[in-house]
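# Architecture at a glance
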Amino acid sequence: MIPLIIDCTHKKVIIFGGGVVATRKARYFAGEADISVISRSFSDPITDLPIEQIQADISLMQDDEIREYLRGAFLTIAATSSKAINDRIGRIAAEEGCLFNNADGSAGDIFIPSIVRGENLIIGFSTSGGSPAVARILRERFEGIVPEIDAMIDLQRIMRDALKKTDLPEEERRRRLREAAQDPEIIEGLSRARDETIRSALLRYAHE
Ligand SMILES: C[C@@]1(CC(=O)O)C2=NC(=C\c3[nH]c(c(CCC(=O)O)c3CC(=O)O)Cc3[nH]c(c(CC(=O)O)c3CCC(=O)O)/C=C3\N/C(=C\2)[C@@H](CCC(=O)O)[C@]3(C)CC(=O)O)/[C@H]1CCC(=O)O
Ligand SMILES: NC(=O)c1ccc[n+]([C@@H]2O[C@H](COP(=O)([O-])OP(=O)(O)OC[C@H]3O[C@@H](n4cnc5c(N)ncnc54)[C@H](O)[C@@H]3O)[C@@H](O)[C@H]2O)c1
């Protein structure tokens, strides 16, 4: 398993099933991907999301009909309450060369991680299906420190630009960036007085 951060803008994500789990998966991709949900019934929260809803009984569909829905899809998620239906969708997705995530049944190609999102940062936690509860606990543990990491990334971006304009050798620029990233005064200052700390860090680290 290899983690990737993927731009899902305008990518087609097809979700089968419209219950609690399908809603969570739809919410995960909503706002970036183009989502269609195919199900016999839809939970109330899923109907509030900006997604296409297609009402159908999947057990009555021929393989070709399912295949048609998957055409051009980046990712297919099976989240019905039937393992047999989910696995059947997985088989067709594999034939179509489409990435597949299975909420219940044989594991697909991808796991959906628990995520923490900052302005400059995304962290994903996955136990590869071993313990979603642990993934959640890790997310909650890291949520609190995201604002300070975000501020550090802002500072580092500005510092990198400033250092590139100097004649300092690359090794020295790298050393200073690493040192500033671990400087306790800067870390503390960023959460208290962000702009002032960025100014003083630049004076201290980004000159020849
Ligand atoms: C990260 C997150 C993304 C998302 O789905 O949106 C996610 N589950 C989340 C929440 C969540 N999951 C469960 C509950 C109800 C708890 C309860 O039952 O009361 C809740 C709600 C909650 O806790 O809030 C239970 C559960 N989960 C799975 C099974 C089936 C099984 O294990 O077979 C069961 C049934 C019971 C059990 O066996 O526990 C399976 C999967 N869940 C995964 C991801 C993948 C593995 C990720 C990993 O290994 O790290 C995988 C394999 C599916 C996949 O590939 O996507 C999201 C994080 C939310 C957060 O960040 O707060
Ligand atoms: N992967 C995860 O994160 C995770 C977490 C908890 C549970 N699960 C498992 O995922 C599955 C779905 O859980 P849920 O809580 O969303 O269940 P749910 O009962 O709320 O939803 C099931 C959905 O599947 C649809 N469906 C079932 N058969 C269908 C058919 N023949 N045609 C069309 N639609 C059909 C139903 O209409 C419903 O919308 C369960 O098997 C559950 O054990 C997975």
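Residues numbered from 1 in each chain as written. Chains lettered and ligands numbered in written order. Predicted model: local features only at pLDDT ≥ 70, side-chain atom pairs only at ≥ 80, totals over all residues. Heavy atoms only, no water.

## Remarks on the side chain of K25
Relative to the elements of secondary structure, K25 occurs in helix 1 (residues 20-29). Despite being buried, K25 has no salt bridge partner; D104 is the closest side chain of opposite charge, sitting 11 Å away. Apart from the residues within four sequence positions on either side, K25 is in contact with I15, I77, N101 and I112. (Helix = DSSP H or I, 4+ residues; strand = E, 2+ residues; numbered from the N terminus. Buried < 20%, exposed > 50% of the residue type's maximum accessible area, 1.4 Å probe, protein only. Lys, Arg positive; Asp, Glu negative; His and termini not counted. Salt bridge = Lys/Arg side-chain N within 4 Å of Asp/Glu carboxyl O. Contact = heavy atoms within 4.5 Å.)

## Re helix 1
Residues of helix 1 that are buried: A22, T23, K25, A26 and F29. One side of helix 1 carries all its buried residues, which in axial view fall inside an arc of 165 degrees. Seen from the buried face of helix 1, the exposed residues on the opposite side, beyond 90 degrees, are V20 and R24. As for helix 1, its buried residues are in contact with strand 1 (12-16), strand 2 (34-39), helix 2 (44-47), strand 4 (75-78) and strand 5 (99-102). (Arc of directions from axis to C-beta.)

## Focus: the site of ligand 2
Residues in close proximity to ligand 2 total 20 residues, the closest being V21, R24, S41, I58 and D104. In the model, an oxygen atom of ligand 2 is placed 3.1 Å from a nitrogen or oxygen of the V20 main chain. Within the contact set of ligand 2, a nitrogen atom lies 3.0 Å away from a side-chain nitrogen or oxygen of D57. Out of a free accessible area of 860 Å², ligand 2 has 71% covered by protein chains. With 4 residues, helix 1 is the largest single contributor of residues to the shell around ligand 2. When grouped by side-chain class, the residues that make up the shell around ligand 2 number 7 nonpolar, 8 polar and 5 charged. (Near = heavy atom within 4 Å. Polar contact = N/O pair within 3.5 Å; in protein donor to acceptor, adjacent residues only side chain to side chain. Areas by Shrake-Rupley, 256 points an atom, 1.4 Å probe, with all protein chains shown as cover. Nonpolar A, V, L, I, M, F, W, Y, C, P; charged D, E, K, R; others polar.)

## Description of the packing of aromatic side chains
Each aromatic ring pair is summarised here by two numbers: the centre-to-centre distance and the angle between the ring planes. Going through the model one piece at a time under the given rule, you end up with 2 aromatic pairs. Between Y28 and F29 the ring centres are 5.1 Å apart and the planes differ by 65 degrees, which places this aromatic pair in the edge-to-face class. When its relative accessible area of 32% is taken as the criterion, Y28 is described as partly exposed. Among the residues examined, F29 registers a relative accessible area of 9% and is labelled buried. With a centroid separation of 5.2 Å and 50 degrees between ring planes, the pair formed by F125 and F142 is classed as tilted. (Phe/Tyr/Trp six-rings, centres within 6.5 Å; stacked < 30°, edge-to-face > 60°.)

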